[in-house]
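# Structural features, examined
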Amino acid sequence: MDIDSLVENILNSYERDGGINKVGAENFPVRENVVAALHDIQCLIFPGYKTAEELDSVNLRYITGQRVNRIISLLTKEIQKALTYKSIQHDENSQIKESHCFGLAEKTALAMIEAVPEIRRLARLDAIAAFNGDPAAKSGDEVIVSYPGLEAIIVYRIAHFLHECGVPVIPRIMSEHVHGKTGIDIHPGAKIGESFFIDHGTGVVIGETCIIGKNVKIYQGVTLGALSVKKSLQNSKRHPTIEDDVTIYANATILGGDTVIGKGSVIGGNSWITESVSNAKQA
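Residues numbered from 1 in each chain as written. Predicted model: local features only at pLDDT ≥ 70, side-chain atom pairs only at ≥ 80, totals over all residues. Heavy atoms only, no water.

## Describing the overall build of the chain
The secondary structure content of the chain amounts to seven helices and 14 strands. When its C-alpha atoms are laid out on the principal axes, the chain stretches across 65 × 55 × 45 Å. In the chain, which comprises 283 residues, the share counted as buried stands at 45%. Within the chain, counting contacts between residues at least 6 apart in sequence, those at least 24 apart form 49% of the total. When the accessible surface of the chain is summed, it comes to about 14900 Å², and 52% of that surface belongs to carbon and sulfur atoms. (Helix = DSSP H or I, 4+ residues; strand = E, 2+ residues; numbered from the N terminus. Buried < 20%, exposed > 50% of the residue type's maximum accessible area, 1.4 Å probe, protein only. Contact = heavy atoms within 4.5 Å. Areas by Shrake-Rupley, 256 points an atom, 1.4 Å probe, with all protein chains shown as cover.)

## So, helix α7 (residues 170–182)
In this model α7 runs 19 Å from its N-terminal to its C-terminal C-alpha over 13 residues, within 8% of the 18 Å that 1.5 Å per residue would give. After α7 finishes, the residue Gly183 shows a positive phi value of roughly 80 degrees. (Expected span 1.5 Å × (residues − 1).)

## What about the layout of surface pockets?
Estimated volume of the largest pocket: approximately 470 Å³. Looking at the largest pocket, it is lined by 18 residues, and the ones nearest its centre are Arg172, His187, Glu208, Gln234 and Arg238. Split into classes, the residues belonging to the lining of the largest pocket amount to seven nonpolar, six polar and five charged. As a volume, the second largest pocket reaches approximately 190 Å³. Taken together, Gln42, Ile45, Phe46, Tyr49, Lys50, Ile144, Val145, Ser146, Tyr147, Pro148, Glu151 and Ile154 form the lining of the second largest pocket. At the level of elements, α2 (31–45), α5 (140–146) and α6 (148–164) are the ones that each hand at least two residues to the lining of the second largest pocket. Grouping the amino acids of the lining of the second largest pocket by side-chain chemistry returns eight nonpolar, two polar and two charged. (1 Å grid on protein atoms, 1.4 Å probe; cavity = no way out; pocket = protein on both sides within 12 Å on 5 of 7 lines; lining within 4 Å. Points joined across faces, edges and corners; volume = space filled by probe spheres on them. Nonpolar A, V, L, I, M, F, W, Y, C, P; charged D, E, K, R; others polar.)

## Side note on α2
Between its first and last C-alpha, α2 extends 21 Å over 15 residues, near the 21 Å set by a 1.5 Å rise per residue. Those residues of α2 not exposed but buried are Asn33, Val34, Ala37, Leu38, Asp40, Ile41, Gln42, Cys43, Leu44 and Ile45.

## So, the packing of aromatic side chains
Tallied over the full model, the rule gives three aromatic pairs. Arranged with centres 6.2 Å apart and planes meeting at 75 degrees, the rings of Phe46 and Tyr49 form a pair that is edge-to-face. Judged by relative accessible area, Tyr49 falls into the partly exposed class, the value being 31%. Plain terms: the ring middles of Tyr219 and Tyr249 are 4.9 Å apart, the flat faces sit at 20 degrees to each other, and that makes the pair stacked. Here Tyr249 lies in the loop between β9 (247–248) and β10 (253–255) and Tyr219 lies in the loop between β6 (217–218) and β7 (223–225), a separation of 30 residues in the sequence. You can call Tyr219 buried: its relative accessible area is 14%. (Phe/Tyr/Trp six-rings, centres within 6.5 Å; stacked < 30°, edge-to-face > 60°.)

## Thoughts on empty space enclosed by the protein
A probe as big as a water molecule, rolled over the atoms, marks out the empty space that is left. Within this structure, the stated rule accounts for one cavity of 30 Å³ or more. What the largest cavity holds in volume is close to 30 Å³. If you trace the largest cavity, you find it lined by Ala152, Tyr156, Ser175, Val178, Ile184, Asp185 and Ile186. Those elements that place two or more of their residues in the lining of the largest cavity are α6, α7 and β1 (185–186).

## Section: the side chain of Glu78
Here Glu78 shows up in helix α3 (residues 60–89). A residue is classified by how much of its surface remains accessible, and Glu78, at 1% relative accessible area, is buried. Beyond its immediate stretch of four places on either side in the chain, Glu78 contacts Pro29, Val30, Asn33, Val34 and Ile170.

Put into structure tokens, the structure is as follows:
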């Protein structure tokens, strides 16, 4: 079979089976653009740690301005796609949706930039928690540049902000991108308090409706999951609540929307918990 015939067969499969993301506001967000915007936002959180750039008092303002403008441009375009795509699924008027979605997307992108100082504050507390919680950490800088748990948490905080703004799809692209890098799966819908530390991190899963308080520390392989994955439960609380000052050791599994791990509890490694625990140590 010649090349033209091979190409024709592939094009026929596009026509028959779909699965093409074409250019245009009515199409799905482009993962590469979302990841590029995410990278720039991460660089705003801790400048100079993720890229080989020389920062000083002279050029910091210029580089920051460049980055902010790039984020707004990228995010506005991709959020508009996400909002427009969602509106099409609900059969809204196509002439209204595109202009309305652009305005909302631009407003949300600006809100993301406005939120950066608060996300930086939370990220700094998370970095301090990692440094204080890990005897192997030699400096705060080491934590920022090399700890996968901190990177996953920072991306979660960015994605969670967009999720709370009602942006579809894009927060999940962000969380799955860092999941692939770190092995840590945090749904952007989870609610996580300040000074959160994930040690080692590989295999950690935190579900969509999980609520985590302040000063919580968890180790590798921990699952904060649901007792049931029935689609009919998608709008209910399916994942546990972890109160302040809790430590959860490696490979513990805690399941269920009604399960509460009380303040100050310590959950031992390899535990399987489906009922609430009140300020206790679990073997």
